[in-house]
Amino acid sequence: MIEDGRALKDDFIPLEVEFRNQELNRLSEALAPCLEGGTPENTVIYGPTGTGKTCIAKYTLNQLQDEAPDIPTQYINCWQDYNKYRTVERLMEGLGEGDAIQSRWMAKDELIVRLREELDRPYIVILDEIDQHQEPEILYDLYTLPEVTMILITNRETQLFHRLDDRVTSRLRGAPRLKLTKYSSAELVSILETRARWALSPDAIGDTELEFIAENAAGDARVAISVLRSAATYGDRTGAERITERLIEEAIPGAREELRQQTLEKLDGHQLRLYNIIQEHDEIKPGDLYAAYEERSEDPMTRRTIRNYLNKMEHYRLIESSGRSRAKVYSLVTDE
DNA sequence: GGTCCACAGGAAAGATAGGGTC
DNA sequence: GACCCTATCTTTCCTGTGGACC
């Protein structure tokens, strides 16, 4: 059934991005000046997950590189490269200067100086999940580099700005902002149709089944594509010739489990222990959670470290919390 | 309304690990 | 191999918040 699985991958960039023409045009306009030696505009893209923020940013940079291969670009996920050092490391890599960094020997400030020296032409950088950066002052450092143009991606615009100091906020306030909203069911069907045409054998899936996936994805293209991928994989495994509604229903839990397992693999022993304790309870108070964790650990981490771990797991959407102060409880995320 | 206390999260210091220099 | 420099992770200390109880 699957003929070319690439089109079903999360990081696949399609030849054409559907239903985002206005946003693509605005982003292209913001970057266009660099083609004529001018100064492009920094841009902020925000909206819920699965609305195509990363996709339109990467797509626009691909287009730009087709026109001007000499202009270097770089994609940085600030959840993975969350401190200044790693971010600048990635920036150097984007300039083909990754080898210039001799491990930890080079201090952060020295790295910035090195980056400044290497910049002799426009450099366009996507900073994805910028609200998750642990040292948001990096934006000020980058702002002082006239060659660097930033495309900042965040889920919530307010989360980004409330963490920035006034110098950066005042400068970014004037930057173009692109707000992306969730896809409608009809839009998701069209996106899925295109992906299915690329990835699957002809007639592997019909309109009714695509609509069924779209309705279950609640406007999130990432979820919709993940379910399609899971259904097709499951169909291949079981020898089915077509993806049916029943196959999709069977594949949905698998798609969710796949995403959950991928995330669980990122946790260390202490974090997994916390996850297991929460899993054993419908809801658990932070104090009770720590007591249970302490009981099961030979060398337990402190409460402060555990709070950091729990924040990380909440961000991964593995657990969630409700209530505040003494009324606070943790539970597993079950709605995805 | 006042007090208590669980809880969150920032800041600074300490511990650890990786790699370079002599 | 000892020492130095660095980033990263963890701990300690502290303050602010807000729910529970009287």
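Quick notes on the rules
- Residues numbered from 1 in each chain as written.
- Chains lettered and ligands numbered in written order.
- Predicted model: local features only at pLDDT ≥ 70, side-chain atom pairs only at ≥ 80, totals over all residues.
- Heavy atoms only, no water.
- Helix = DSSP H or I, 4+ residues; strand = E, 2+ residues; numbered from the N terminus.
- Expected span 1.5 Å × (residues − 1).
- Buried < 20%, exposed > 50% of the residue type's maximum accessible area, 1.4 Å probe, protein only.
- Contact = heavy atoms within 4.5 Å.
- Polar contact = N/O pair within 3.5 Å; in protein donor to acceptor, adjacent residues only side chain to side chain.
- Pairing = 2+ DSSP bridges.
- Salt bridge = Lys/Arg side-chain N within 4 Å of Asp/Glu carboxyl O.
- Axes fitted to C-alpha atoms, helices over the stretch in contact; angles between N-to-C directions.
- Phe/Tyr/Trp six-rings, centres within 6.5 Å; stacked < 30°, edge-to-face > 60°.
- Lys NZ or Arg CZ within 6 Å of the ring centre and 35° of its normal.
- Near = heavy atom within 4 Å.
- Nonpolar A, V, L, I, M, F, W, Y, C, P; charged D, E, K, R; others polar.
- Domains from an automatic or database assignment.

### Some words on helix H10 (residues 221-238)
Every α-helix carries 3.6 residues per turn, so stepping three or four residues along brings you back to the same face. Taking 1.5 Å per residue as the helical rise, H10 with its 18 residues ought to reach 26 Å, and the 26 Å between its terminal C-alpha atoms agrees with that figure. Along H10, the residues classified as buried are Ala221, Ala224, Ile225, Ser226, Val227, Leu228, Arg229, Ser230, Ala231, Ala232 and Gly235. Contacts made by the buried residues of H10 are with helix H8 (185-199), helix H9 (207-217) and helix H11 (245-264). Capping the start of H10, Asp220 holds a side-chain oxygen 2.9 Å from the backbone nitrogen of Arg222, two or three residues further along. Remark: Gly239 follows H10 within two positions and exhibits a positive phi of approximately 80 degrees.

### Remarks on the pairing of strand E2 (residues 73-77)
Working note: regular strand, side chains alternate between the two faces of the sheet. When you tally the buried positions in E2, you get four out of five residues, the bulk of the element. Pairing of E2 with strand E3 (residues 123-128) involves five bridges; the strand directions are parallel. The residue bridging Thr73 from the neighbouring strand is Ile124, located in E3.

### A short note on the pattern of salt bridges
In the structure shown here, the tally under the stated rule is 12 salt bridges. Across the pair Arg26 and Glu41 runs a salt bridge whose closest N-O atoms are separated by 3.6 Å. With Arg26 in helix H1 (residues 21-31) and Glu41 in the loop between H1 and strand E1 (43-46), this residue pair connects regions lying 15 residues apart in the sequence. The exposure class of Arg26 is partly exposed, given its relative accessible area of 29%. Taking the relative accessible area as the measure of exposure, Glu41 reaches 34% and is therefore partly exposed.

### Focus: the sheet that holds strand E4 (residues 148-154)
On the basis of which strands lie adjacent, the open sheet formed by five strands has the order E2-E3-E4-E1-E5 and parallel pairing. Of all strands in the sheet, those bounded by a partner on one side alone are E2 and strand E5 (177-179). Pairwise comparison of adjacent strand axes, ignoring direction, gives a mean angle of 15 degrees for this sheet. One ladder, built from four bridges, connects E1 with E4; its direction is parallel. Following the sheet pairing, Val44 is matched in E4 by Leu152. Contacting E1, E3, E4 and E5, H1 runs over the sheet at an angle of about 165 degrees to E5.

### Considerations on the packing of aromatic side chains
On inspection of all chains with the given rule, the structure shows two aromatic pairs. Here Tyr290 and Tyr293 contribute two aromatic rings whose centre-to-centre distance is 5.8 Å and whose plane-to-plane angle is 45 degrees, an arrangement assigned as tilted. Placement of both Tyr290 and Tyr293 in helix H13 (residues 286-296) is noted, with a separation of three residues, approximately one turn of the helix. Tyr293 matches Tyr290 in its accessibility class, with the two residues each being buried. For the cation-ring pair, Arg20 lies above Tyr183, with the distance from its terminal atom to the ring centre recorded as 4.2 Å. Residue placement shows Lys58 over the ring face of Tyr75; its charged tip is 4.2 Å from the ring centre.

### Here we look at the protein's contact with DNA strand C
In the vicinity of DNA strand C there are 18 residues, among which Tyr82, Asn83, Lys108, Thr305 and Tyr309 approach most closely. Atoms of DNA strand C within 4 Å of the protein belong to the sugar or the phosphate in 80% of instances, the rest to bases. Separating a phosphate oxygen of DNA strand C from a side-chain N or O atom of Thr302 is a distance of 3.0 Å. One of the side-chain nitrogen or oxygen atoms of Arg324 is found 3.2 Å away from a phosphate oxygen of DNA strand C. Elements represented by at least two residues in the surface near DNA strand C include exactly helix H3 (84-94) and helix H14 (303-315). Per-element accounting of the surface near DNA strand C gives the leading share, three residues, to H14. Taken together, the residues of the surface near DNA strand C break down into eight nonpolar, four polar and six charged.

### Topic: the environment of Ile71
Position of Ile71 among the secondary structure elements: in the loop between helix H2 (53-67) and E2. Note: C-alpha distance between Ile71 and Asp166 (95 residues apart in sequence) is 30 Å. Excluding residues that lie within four positions of it along the chain, Ile71 makes contacts with Cys34, Leu64, Gln65, Pro122 and Ile124.

### So, the domain arrangement of chain A
Taken as a whole, chain A is organised into domain 1 (20-179), domain 2 (185-264) and domain 3 (267-332). For domain 1 and domain 3, the distance between their C-alpha centres works out to 34 Å.

### What about the environment of Leu64?
By secondary structure assignment, the location of Leu64 is in helix H2. Along the backbone, Leu64 and Ile124 are 60 residues apart, and their C-alpha atoms lie at a distance of 9.8 Å. Apart from residues lying up to four places away in sequence, Leu64 is in contact with Cys34, Leu35, Ile71 and Ile124.

### Structural notes on the side chain of Gln271
Along the chain, Gln271 turns up in helix H12 (residues 269-279). Setting aside residues no more than four positions away along its own chain, Gln271 makes contact with Lys266, Tyr309, Lys312 and Met313.

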